[in-house]
2 protein chains.
Amino acid sequence: MSDNKIPYKIYLNENEMPKAWYNVRADMKTKPAPLLNPGTHQPMKAEELSPVFCDELIAQELDNDTAYIPIPEDILNFYKMYRPSPLVRAYCLEEKLGTPAKIYYKFEGNNTSGSHKLNSAIAQAYYAKKQGLKGVTTETGAGQWGTALSMACSYFGLDCKVYMVKVSYEQKPFRREVMRTYGASVTPSPSMETAIGRKILEAHPGTTGSLGCAISEAVEVATSTPGYRYVLGSVLNQVLLHQSVIGLETKAALDKYGIKPDVIIGCAGGGSNLGGLISPFMGEKLRGEADYQIIAVEPASCPSFTRGKFAYDFCDTGMVCPLAKMYTLGSNFIPAPNHAGGLRYHGMSSILSQLYHDGYMEAISVPQTEVFAAAEEFARVEGILPAPESAHAIKAAIDMAKKCKETGEEKTIVFGLTGTGYFDMVAYEKYHDGKMDDYIPTDAELEASFKTLPQVD
Amino acid sequence: MSDNKIPYKIYLNENEMPKAWYNVRADMKTKPAPLLNPGTHQPMKAEELSPVFCDELIAQELDNDTAYIPIPEDILNFYKMYRPSPLVRAYCLEEKLGTPAKIYYKFEGNNTSGSHKLNSAIAQAYYAKKQGLKGVTTETGAGQWGTALSMACSYFGLDCKVYMVKVSYEQKPFRREVMRTYGASVTPSPSMETAIGRKILEAHPGTTGSLGCAISEAVEVATSTPGYRYVLGSVLNQVLLHQSVIGLETKAALDKYGIKPDVIIGCAGGGSNLGGLISPFMGEKLRGEADYQIIAVEPASCPSFTRGKFAYDFCDTGMVCPLAKMYTLGSNFIPAPNHAGGLRYHGMSSILSQLYHDGYMEAISVPQTEVFAAAEEFARVEGILPAPESAHAIKAAIDMAKKCKETGEEKTIVFGLTGTGYFDMVAYEKYHDGKMDDYIPTDAELEASFKTLPQVD
């Protein structure tokens, strides 16, 4: 199909939206390693997980075999309020760069939560409601997940308690008000409300918090409050399953116009966006039906893929959660507080970790000043003000398109634009004022952090 | 067509987008009164306007006869980056209200500027660029127009100087950073940078500013800086012309599904959104082809339609701009600083003023606490966090839908959801904390304000 027939934005019709999530684990020869009980180091059974998670989500978490899991109708209807999201042809960016590459991005910021996180939030809230729970607890970093969960809980009439990483709570004061608008309560973490929070504050007074701390607090409250469970916005298998809607829509939109991508790029924190975006493409690759270059982009200040260890580790700082086998920087790792670009989690999805370990995908890391420069360049030509997280993928896509200009290659690049940056203006201000720096952890710091890894045979 | 065939969101295809703006003046029997020279009280000629405005925009401003004005291709291409905007069927809101009414809203917040303002900003920047200008100046209230213009100027490589009403500058600190991201300079108004700003500050030290002041400052800078012109985001005929793209898309989307609205509702500050949304419907009404109930909704704290005078008045506090015949509260009128709901302009589009005067539309005013309650109710079921401005229309639409529940009428209601409230969280916080009040100007205050109206025969 000739290029000029491809619109700026490809929207699927509602009846072209996916009716089932795709579970990439079904096509993996080496399955992701199971979660382990932190005490016994034996694989966690469903009944051990049920004080923490909702029952149906546990079933999804442990299901390595079912390729397609139908999306319940209530979730499909909610999806219709903001999905399908557009697949955008970045004509203006291509022209600005003078590249022969063809650039597409799947834009997930067109909903009030401002990111893709809503895709899994609504699913998790649905299953919590179905189980008859009163409410859920969670952590949030940049605030996107907390906002998404607040919206989802408000829709189903569930109570929502959010523990927000303190540095984000302070940098993003208005996020709290958005969550309050949707009826959630928001507590900066670490807090004095939980035993683990008090312990962390005692050991590290003045800490700016981490996702790992906030997870520990949310889990403690969920397991000690009747009628509550804990929900998580990334890392877990179930989250990647729900986020597969991103990749399924992307693939359907590309197929509609007969476009085959060469490269798929996504930013990687815990892996929820990247895992969702690449899933159907990875499925084809695993089944030997097609080949794609798949690239994870992470911040140089929190480089779990590129400098982490592939090992069992705690998912949280408090070491109360199950152990997951993943690329990790150690559960005590906390990125420098001047890191403004999100993607602060110490570990990485077990699914993506296994796929990376098995050579099905690549990873690169980028320093944050260059990420914000790419964000601004993108905003000025494509209109959309990206979230710093998303801008990691933009940076990598622009670099690749520039390389295509040098080599003359007409690569088709697809990247995930996970969200908008409206609540990240403190970080943009730092960038504008030249106050951003590019701290990168030293080898010695990482070695010290690796010492907290549990010994698992 | 049966209801269940109507999707949640109606998107037009790119080839169904309007190729020309519609100029409602062509179908008005009584044309809007001309702009007058503030000194001579004679109709302004094009050459008198050219130190202030771009030449092609002046031609559009003065053209009462051409019904359709083609949209230049560069603007059409920019529109394709964020348009067509969705027409959303508010299924969830209808269900929540239990109303037999069918509610649709045209959502203009799906772009980084966060509102419909971009539709005119890109047109005005285009004509400025075409004329070979270096840059433009403008005012902004809530910041939506300033952001939109920054984006548009960045796209065409124009310099952009924004005077931002001081109260908004303080309430919305992050708006400034968004504008800076797009390369604009932003000054709180009144400022010491201009003669008129210094004069206003001397007369009213501690003033929180008004759109009228900011306009005066921007006009002064434009007329005293070579290569610059002034551009305005509302009120003017040219702006309503560009904003007709909202109504044209809305009508095309409704026609596609055979839907005929009974009621069309829009919030009204200077009239840009309302005028754009209603234009093709008003055209049919003026030509006697169809009838619609058309309702303008304004804040009780700034009630130009419902309590203003239909008279010639200054467009700005500094009294340097041409006189316009409009519903006005007097050019010195400044809403109470605790008014957080936007729509702060003292006057109203001459086109809409004439149509209202001639009985083609109605107007109501609503107090701000009820507006924020409606905003929150809407956000919780429809997902989108509305701008306070847009929430005026939501409030009126919800009230009408509730009335339909009482009477059993199955009215089809269309309203304009002009933008998102991500930068209005200070106002939402006030509402959450119960610190919002509903100040309404007294008759005596308005009478005092009317005394500044110029005497025009």
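Everything numeric here is computed off the predicted structure, so don't read it as measured data.

Peer 1: Explain the interface of chain B and chain A here, please?
Peer 2: Reports of interface size often rely on the accessible area that becomes lost once the parts have come together. Contacts between the two partners involve 43 residues from chain B and, on the opposite side, 43 residues from chain A. Of the roughly 4,000 Å² buried where chain B meets chain A, counting both sides, 58% is carbon and sulfur surface. Its largest share of buried area at the contact with chain A, chain B owes to F174(B), T181(B) and Y422(B), together 18% of the area lost on that side. Joining chain B to chain A, the criterion identifies 4 salt bridges. Between D433(B) and R180(A) there is a salt bridge whose closest N-O contact spans 2.8 Å. Scanning the region where chain B abuts chain A turns up 29 residue pairs in polar contact (both at pLDDT 80 or more). Mapped by element, the contributors of at least two residues to the side of chain B that touches chain A are α3 (73–82), α6 (144–156), α8 (173–181), α15 (368–382) and α17 (425–432) of chain B. In terms of residue count, the dominant contributor to the side of chain B that touches chain A is α8(B) (7 residues). Looking at the side of chain B that touches chain A residue by residue, the classes come out as 22 nonpolar, 9 polar and 12 charged.

Peer 1: Help me understand the sheet that holds strand β8 (residues 185–189) of chain B, please; the structure alone is not making it clear to me.
Peer 2: Two orientations exist for strands paired in a sheet by backbone hydrogen bonds: parallel and antiparallel. Residues and elements named next belong to chain B. The strand order β8-β7-β6-β9 describes an open sheet built from 4 strands, whose pairing is parallel. Strands at the two margins of the open sheet, each flanked by one partner only, are β8 and β9 (228–230). Taking the axes of each pair of neighbouring strands and ignoring which way they run, one obtains an average angle of 25 degrees across the sheet. Sheet strands in contact with α6 are β6 (135–140) and β7 (159–165), and its direction is about 165 degrees off that of β6.

Peer 1: What am I meant to see in the domain arrangement of chain A here?
Peer 2: All names here are of chain A. Here chain A is partitioned into domain 1 (3–19 + 76–114 + 237–450) and domain 2 (22–69 + 116–230). With 59 residues of domain 1 at the contact, the number on the domain 2 side is 56 residues. Where domain 1 abuts domain 2, roughly 5,000 Å² becomes buried across the two surfaces, and 61% of that area is made up of carbon and sulfur atoms. Ranking the residues of domain 1 by area buried against domain 2 places F78, Q238 and F423 at the top, with a combined share of 15%. Counting the contacts that link domain 1 with domain 2 gives 1 salt bridge.

Peer 1: Which parts of the structure should I look at to understand the relation of the copies chain B and chain A?
Peer 2: Copy one and copy two of the chain differ by a rotation about an axis and a translation along that axis. Between the two copies, chain B and chain A, the superposition gives an RMSD of 0.0 Å; the rotation angle is 180 degrees and the shift along the axis is 0.0 Å. Overall, the copies show the geometry of a two-fold rotation axis. By residue overlap, the copies meet face to face through one surface: 100% of the interface positions of chain B are interface positions in chain A.

Peer 1: Please clarify how the sheet that holds strand β15 (residues 412–417) of chain A should be interpreted in this entry.
Peer 2: Residue and element names in this part refer to chain A. The mixed open sheet is built from 7 strands, whose spatial order is β1-β4-β5-β15-β10-β11-β14. At either end of the open sheet lies a strand with only one pairing partner, and these are β1 (9–10) and β14 (362–366). Inspection of the sheet shows strand β10 (residues 263–267) paired to strand β11 (residues 293–299) by 5 bridges, in the parallel sense. Counterpart to V263 in the pairing with β11 is Q293.

Peer 1: What is the right way to read the layout of surface pockets from this model?
Peer 2: Over the atoms rolls a probe the size of a water molecule, and in doing so it shows where empty space is left. Of the pockets and cavities examined, the largest pocket occupies roughly 730 Å³. Considering the residues around the largest pocket, the lining is formed by 30 residues, among which Y11(A), N13(A), Y11(B), L12(B) and N13(B) are closest to the centre. Contributions of two or more residues to the lining of the largest pocket are made by β1 of chain A together with β1 (9–10) and α3 of chain B. Tallying contributions element by element places α3(B) first for the lining of the largest pocket, with 4 residues.

Peer 1: Hey, could you run me through the environment of G114(A) in this one?
Peer 2: All names here are of chain A. Mapped onto the secondary structure, G114 falls in the loop between β5 (102–107) and α5 (118–130). Note on G114: relative accessible area 3%, which makes it buried. For the pair G114 and G421, spaced 307 residues apart in sequence, the C-alpha separation works out to 7.9 Å. Apart from residues no more than four positions distant in its own chain, G114 is found in contact with E108, G109, Q144, T418, G419 and T420.

Peer 1: Can you walk me through the pattern of salt bridges in this structure?
Peer 2: As a working rule, side chains carrying opposite charge can pair if their charged atoms are close by. Summed over the entire model, instances satisfying the criterion amount to 44 salt bridges over all chains. Here the residues in one salt-bridge network are R176(A), E177(A), R180(A), E429(B) and D433(B), joined through shared partners.

Peer 1: I'm lost on the state of the cysteines in this one. Help?
Peer 2: Disulfide: a covalent bond connecting the sulfur atoms of a pair of cysteines. All names here are of chain B. Going through the model one piece at a time under the given rule, you end up with 0 disulfides over all chains. Here C54 stays free of any disulfide, with the sulfur of C153 as its closest cysteine sulfur at 9.8 Å. The class for C54 is buried, based on a relative accessible area of 1%. Of all cysteine sulfurs in the structure, the one in C321 sits closest to C315, which takes part in no disulfide; the separation is 5.9 Å. When its relative accessible area of 10% is taken as the criterion, C315 is described as buried.

Peer 1: How should I be thinking about helix α12 (residues 272–286) of chain B in this particular structure?
Peer 2: One turn of an α-helix holds 3.6 residues; hence residues three or four places apart share an orientation. Residues and elements named next belong to chain B. Remark: the principal bend of α12, roughly 55 degrees, maps to S279, with a proline, P280, within the next four residues. For α12, the buried fraction is high: 15 of the 15 residues fall into the buried class. Where α12 ends, the next residue or the one after it, G288, has phi of about 70 degrees, a positive value.

Conventions and cut-offs
Residues numbered from 1 in each chain as written. Chains lettered and ligands numbered in written order. Predicted model: local features only at pLDDT ≥ 70, side-chain atom pairs only at ≥ 80, totals over all residues. Heavy atoms only, no water. Contact = heavy atoms within 4.5 Å. Buried area = accessible area lost by both parts, 1.4 Å probe. Salt bridge = Lys/Arg side-chain N within 4 Å of Asp/Glu carboxyl O. Polar contact = N/O pair within 3.5 Å; in protein donor to acceptor, adjacent residues only side chain to side chain. Helix = DSSP H or I, 4+ residues; strand = E, 2+ residues; numbered from the N terminus. Nonpolar A, V, L, I, M, F, W, Y, C, P; charged D, E, K, R; others polar. Pairing = 2+ DSSP bridges. Axes fitted to C-alpha atoms, helices over the stretch in contact; angles between N-to-C directions. Domains from an automatic or database assignment. Least-squares fit on C-alpha atoms with pLDDT ≥ 70 in both. 1 Å grid on protein atoms, 1.4 Å probe; cavity = no way out; pocket = protein on both sides within 12 Å on 5 of 7 lines; lining within 4 Å. Points joined across faces, edges and corners; volume = space filled by probe spheres on them. Buried < 20%, exposed > 50% of the residue type's maximum accessible area, 1.4 Å probe, protein only. Disulfide = S-S within 2.5 Å. Bend = angle between axes of the 7 residues up to and from the residue.

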